[in-house]
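What the coordinates show
One-letter residues, chain by chain:
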Protein chains: 2
Amino acid sequence: MMIPLLQEAVDALSSVPGIGKVTAMRMALFLLRRPEEETLRMGNALIRLRTEARYCRICNMLSEEEICPICADSRRDRSTILVVENIQDVMSIEETGEYNGVYHVLGGVISPMDGIGPDDLPLDSLVERASSPEVREVIIAIGKGMAGETTSFYINRLLARTGVRVTAIARGVGFGDDLENADSLTLGMSIKNRTPLL
Amino acid sequence: MMIPLLQEAVDALSSVPGIGKVTAMRMALFLLRRPEEETLRMGNALIRLRTEARYCRICNMLSEEEICPICADSRRDRSTILVVENIQDVMSIEETGEYNGVYHVLGGVISPMDGIGPDDLPLDSLVERASSPEVREVIIAIGKGMAGETTSFYINRLLARTGVRVTAIARGVGFGDDLENADSLTLGMSIKNRTPLL
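Residues numbered from 1 in each chain as written. Chains lettered and ligands numbered in written order. Predicted model: local features only at pLDDT ≥ 70, side-chain atom pairs only at ≥ 80, totals over all residues. Heavy atoms only, no water.

1. Notes on the overall build of chain A
Our working definition: Helix and strand definitions follow DSSP, with helices as H or I runs of at least four residues and strands as E runs of at least two, each counted in order from the N terminus. Here the globule rule reads 2.2 Å times residues to the power 0.38, and the radius of gyration is calculated from C-alpha atoms. Think of it in three bands: with a 1.4 Å probe and only protein chains considered, a residue is buried below 20% of the maximum accessible area for its type, exposed above 50%, and partly exposed in between. Only heavy atoms enter the contact rule, under which two residues are in contact if any of them lie within 4.5 Å. Here Asp and Glu are counted as negative and Lys and Arg as positive; His is not counted, and neither are the chain ends. By convention, the charge on Lys lies at NZ, on Arg at CZ, on Asp at CG and on Glu at CD.
Secondary structure assignment for chain A yields eight helices and six strands. The C-alpha radius of gyration computed for chain A amounts to 22 Å, which surpasses the reference 16 Å derived for 198 residues by more than 25%, pointing to a less compact arrangement than a globule. Dimensions of chain A, computed from C-alpha atoms along their principal axes, come out at roughly 65 × 45 × 40 Å. The 198 residues of chain A split such that 41% are buried. At a minimum sequence separation of 6, the contacts of chain A that also span at least 24 residues come to 46%. For chain A, the centre of its 21 positive side-chain charges and the centre of its 28 negative side-chain charges are spaced 3 Å apart.

The following block contains the structure:
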C-alpha cells in the first residue's frame, strides 16, 4: 500500500541517476518529517534553479543575468579565453584562484557516437571572440580521450586562421600522487613537459 | 565562483541526511539539464508531499484524506489492531499481504534519551480503540532494543485493563538465513517459539 503523494515524490527523486528507490524513500520520509518551510525551500530552490537559470550570452556559463559575473567583471583579463567542456570546469578552475582570464563553455564535446557534431557546440562564437584584436591566447582545457582530443584538434584548426595563440593546459602527475599509480600516458607527458626546478 | 541559484539548490539537497555536497551538485546539474517540466514536477511533488500530507484521524497513518484507505476499507478486520512505530512499517506489512486487520502508528517509541515520553505518543487513542467491544486483539510489532522493549512493555501494561488480548509478532531466524549468522537472541527465540512442521 503506497500513498500516491509519497509515490510521486519517490518516483521523482529516483528519476535522478544514482538515486535508487530505497534512497528516494528515505529522502521523502525525511522531507515529510522536517519543518514544512525547509521542504518548501528545497522544492522551490529546485524549481527556481531550472526556471531562472540562464546562460551567459558571451561565454555560455550558467548565470542569473544575461552576462555572467566573470564576463561582466572589468578586472578580468579579456586577452585570454579558456575553453572548457562544462560549467563545473569553470567552478573548479575558479576555485584554484590561478586564472584571471575569461572562459568559453562548450557544453559538450564533439562525439559522433552521441550524435554531437561541431554544429551543436558554440564554436562560431568562439572563433568570433578569438578574432577580436584584444584576444591574444586561447587555452584549451578539454578532457583527454577520443571525444576530447577530437574537439581540441577541431578547435585548434578552426582557430588557426584567426592567428591567435592556442595552448593546452599542462598534463602531468598530480601533486602528492605516487609515480607508480600514474598512468603511463600522463607520466610520459609529465616528463616530456618538465619544467625548471624552482 | 558559485552561482547563487546553484548554491541554493545544492545546499537544499545536501541538507538531506546521506546526501553529500558532491552528490547534491551532481543532482543539481542533472536537474538543470533535464527537460524543464520534469524538474518542475519533482519540485512540486516534494512541496505537495509536505503540504498535502495528512495523518489518519484513527490510526495516524500517512493519508491524503481525514481517514486513511485502510481504516476506511470495510473489508478490513477491525477486531485486530497492529501497533507499529512508523508508516514504513505499515507499507512493509501491507506488502506481505498476510495481514487484513487495521493499524495504529505510534510515530516513534518511548526514548527518554531523545526526550520522547509516553505522552508524546498516541497511546490514549490506542487504549480508546482497544476498549471498543469490536476489538479482540492488539498485535505489537515494535522493533527490539531498549526503546522498543520499553514501549512494548508500557503498552502491554496500559492495555491490561481493557481486557483485550495483546500479542507480539514472532521473532526468529529469517527464511533463507543461515543459523550461524543469526544472533543468539534471535536464534534462542526461534527455538523457544518453535511451531509444528507443516
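Having seen the structure, we can now continue with the description.
2. Quick word on the environment of A:Arg34
With respect to the helices, strands and loops of the structure, A:Arg34 is situated in the loop between α2 (21-33) and α3 (36-52). We classify A:Arg34 as buried; its relative accessible area is 7%. Spatially, the C-alpha atoms of A:Arg34 and A:Leu185 are 50 Å apart, while their sequence positions differ by 151 residues. The residues contacting A:Arg34, other than those within four sequence positions of it, are A:Thr39, A:Met42, B:Ser15 and B:Arg50.

3. Structural notes on the relation of the copies chain B and chain A
Here is the rule: Here the copies are superposed with least squares, the fitted atoms being C-alpha atoms of residues at a pLDDT of at least 70 in both.
For these two chains of identical sequence, chain B goes onto chain A by a turn of 180° and a shift of 0.0 Å along the axis, with RMSD 0.1 Å. On the angle and the small slide along the axis, the relation comes out as a two-fold axis. Closest approach to the rotation axis among the C-alpha atoms of chain B is made by B:Gly43, whose C-alpha sits 2.1 Å away. Most of the interface of chain B is mirrored in chain A, where 98% of its interface residues again form contacts.

4. Quick notes on the sheet that holds strand β4 (residues 101-105) of chain A
All names here are of chain A. Rule in force here: Pairing between two strands requires that DSSP report at least two bridges joining them. Here an angle of 0 to 180 degrees is reported between the N-to-C directions of two axes, which are lines fitted to C-alpha atoms, with helices fitted over the stretch in contact.
Strand order across the open sheet formed by four strands is β4-β3-β5-β6, with parallel pairing between neighbours. One side of each edge strand has no neighbouring strand; the edge strands of this open sheet are β4 and β6 (165-168). Across this sheet, the average inter-strand angle for adjacent strands is 25°, counted without regard to direction. Note: strand β5 (residues 137-140) against β6, four bridges, orientation parallel. By the bridge assignment for β6, Glu 137 is matched with Arg 165. Across the sheet, helix α6 (residues 123-130) lies against β3 (77-84), β4 and β5, angled at about 155° from β4, the strand it touches most. This element, helix α7 (residues 146-160), spans β3, β5 and β6 of the sheet and lies at about 170° to β5.

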